[in-house]
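Below are the chains, spelled out letter by letter.
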Amino acid sequence: MNDLHREALVADAHNDLLMLVARRPKARWAQYFRERWIPQLREGGIDVQVLPVFIDDEFRPEGALRETLRMIEAAHRIAEGNAGEVALCTAPGDIAAATGAGKIALVLALEGCPQIDNDLELLQTLQRLGVRMVSFTHFGRSALGDGSGEDAAGSRLTHAGVEAVGLLEELGVLIDVSHVGRGGVEHILELATKPLVASHSSAFALRDHHRNLTDEQLRGIAATGGVICVNFFAGFLTAAEKPTVEHLADHLEYVVNVAGADHVGLGSDFVAEVFGEKVPSCDRPLVIQGLDVEVFVPGLEGPAGMPLVTDALQRRGLSEATIRKVLGQNLVRVLSSEA
C-alpha cells in the first residue's frame, strides 16, 4: 500500500458483504465479520464502507421486509460485536467520529425497495433503524419506478416514486440513482433539491450498457452537489476479454473530466465472494443482463485490492488533491451532510 492510499480517507459506496453475513447463524455474525471482512477492509485501507441491503428473489415478495430487518439487525450486531474496530453510523456526524477514532465507519443503504412496495411510511421506519441511502429499484420494475433493464418501456417514476423523493429528502436520506432506468434518473434530477448519489455506476460513453450513466446524467448528478461512485465490475467497464485496472481508471478519469473532481467516488460492487458462495455450479456460467458476472478485474475481486486503484490514478498523473477526493472525500462529504 503506497503512502497516499494509506493516508487518504477511502470510502466505498457499495459492497454486498452483508448478504453473506446474514447467511450465517446469528450467533456467528460478529465473529464471521471479524474473521473474514475486517482483515480485507483493513488491507484495502478502507475507512468507510456502505453496506447495501439487497433482497434476493427467494425472499420476494412475502419475505422481503423480514429479510431486510434481519440484515439490518446483522449490521447492528457486527458493529456491537466489534466495537473496537467498526462503528455503525446512523447519523451524519457519526462518520467523522468513527474514522477519527481509527474505526471503520459502516453505513446502511437499501438497494431497491421490494420490502416497502408503495408503503412509503416504512422508509421512515428504516431510517429510524439507521438506513442512510436508498435506491428505488434493481434491474426490474418496482412500485417506485423502473430499473435500467426496463429502459425500453421509456418510463419515469411512479406517483409513489415521486412522493418518495420528497420524503427521503425530508428525512435526510440520500437518494441513490444506480439501477434506476434512464427515464427515472431524469425524473429524479428534475425533482431533486439535495445532492444525489450513484452508488455504483460507470460511464456509458466508455461502455455502452444500460447500467451506466450518460454524460448528461453525470453532469446532472454533479449539479445537485452529488457524487458518481464508479463501479468496478468488469462487464460495466469494458468489452475486453481481459479487463484490467486501467479500464477502471479510464472510467474514473472520464467521470472526473465530465462531472468534475468534486463529484467522483468509488462504488466497488465487490460480488466475487457473494457469487462464489451463493450460486451453485449448475448455474454456471452465471450470465446476467447478457454479461458473465464472474469475470472480474484481476486484483479487484475484493476490498483488499483497493490500493491498486490509487496506484492506477497516480500513473494517470491525477493530482494528489483529486485522488483524495475520488478515494473518499467526496462520498464522505455527502454522507456527512446535515442538509
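Residues numbered from 1 in each chain as written. Predicted model: local features only at pLDDT ≥ 70, side-chain atom pairs only at ≥ 80, totals over all residues. Heavy atoms only, no water.

Here we look at the pattern of salt bridges
Phase 1 of the analysis: The full count for this structure, using the stated rule, is 17 salt bridges.
Phase 2 of the analysis: Between Lys 325 and Asp 262 there is a salt bridge, with its nearest N and O atoms 2.7 Å apart. Of the two residues, Lys 325 sits in helix α14 (residues 320–335) while Asp 262 sits in the loop between α11 (245–259) and β9 (264–267), which places them 63 residues apart along the sequence.
Phase 3 of the analysis: By relative accessible area, which is 25% here, Lys 325 ends up partly exposed.
Phase 4 of the analysis: Look at Asp 262 and you get partly exposed, because its relative accessible area is 35%.
Phase 5 of the analysis: In this structure, the salt-bridge partner of Arg 324 is Glu 320, at a minimum N-O distance of 3.0 Å. Of this pair, Arg 324 and Glu 320 both sit in helix α14, four residues apart, which is roughly one turn of that helix.
Phase 6 of the analysis: A relative accessible area of 46% places Glu 320 in the partly exposed class. (Salt bridge = Lys/Arg side-chain N within 4 Å of Asp/Glu carboxyl O. Helix = DSSP H or I, 4+ residues; strand = E, 2+ residues; numbered from the N terminus. Buried < 20%, exposed > 50% of the residue type's maximum accessible area, 1.4 Å probe, protein only.)

Structural notes on the pairing of strand β2 (residues 48–53)
Phase 1 of the analysis: The buried count for β2 comes to six of six residues, which makes it a mostly enclosed element.
Phase 2 of the analysis: Neither face of β2 is open: one carries Val 48, Val 50 and Pro 52, the other Gln 49, Leu 51 and Val 53, and all of them are buried.
Phase 3 of the analysis: Both strand β1 (residues 11–12) and β2 contribute to a ladder of two bridges, which runs parallel. Paired with Ala 11 across the strands is Val 48, a residue of β2.
Phase 4 of the analysis: As defined by bridge partners, β2 adjoins strand β4 (residues 104–110) across six bridges and the pair is classed as parallel. Residue pairing in the sheet places Val 48 in a bridge with Ala 105 of β4. (Pairing = 2+ DSSP bridges.)

Let's talk about the layout of surface pockets
Phase 1 of the analysis: Estimates place the volume of the largest pocket at around 870 Å³.
Phase 2 of the analysis: Lining of the largest pocket is provided by 37 residues; of these, Phe 54, Asp 56, His 138, Phe 139 and Ile 288 occupy positions nearest its centre.
Phase 3 of the analysis: By residue number, the principal contributor to the lining of the largest pocket is helix α12 (residues 272–278), which donates three residues.
Phase 4 of the analysis: As a volume, the second largest pocket reaches approximately 150 Å³.
Phase 5 of the analysis: Lining the second largest pocket are Arg 207, Ala 234, Gly 235, Thr 238, Ala 239, Ala 240, Glu 241, Pro 243, Leu 291, Asp 292 and Val 295. (1 Å grid on protein atoms, 1.4 Å probe; cavity = no way out; pocket = protein on both sides within 12 Å on 5 of 7 lines; lining within 4 Å. Points joined across faces, edges and corners; volume = space filled by probe spheres on them.)

Details of the packing of aromatic side chains
Phase 1 of the analysis: Under the defined criterion, the tally for this structure stands at two aromatic pairs.
Phase 2 of the analysis: Note on Phe 233 and Phe 236: the rings are 4.8 Å apart at their centroids and 80 degrees apart in plane angle, and the pair reads as edge-to-face. Pair check on accessibility: Phe 233 and Phe 236 agree, each one buried.
Phase 3 of the analysis: Positioned above the aromatic ring of Tyr 32 is the side chain of Arg 24, whose terminal nitrogen or guanidinium carbon lies 4.1 Å from the ring centre. (Phe/Tyr/Trp six-rings, centres within 6.5 Å; stacked < 30°, edge-to-face > 60°. Lys NZ or Arg CZ within 6 Å of the ring centre and 35° of its normal.)

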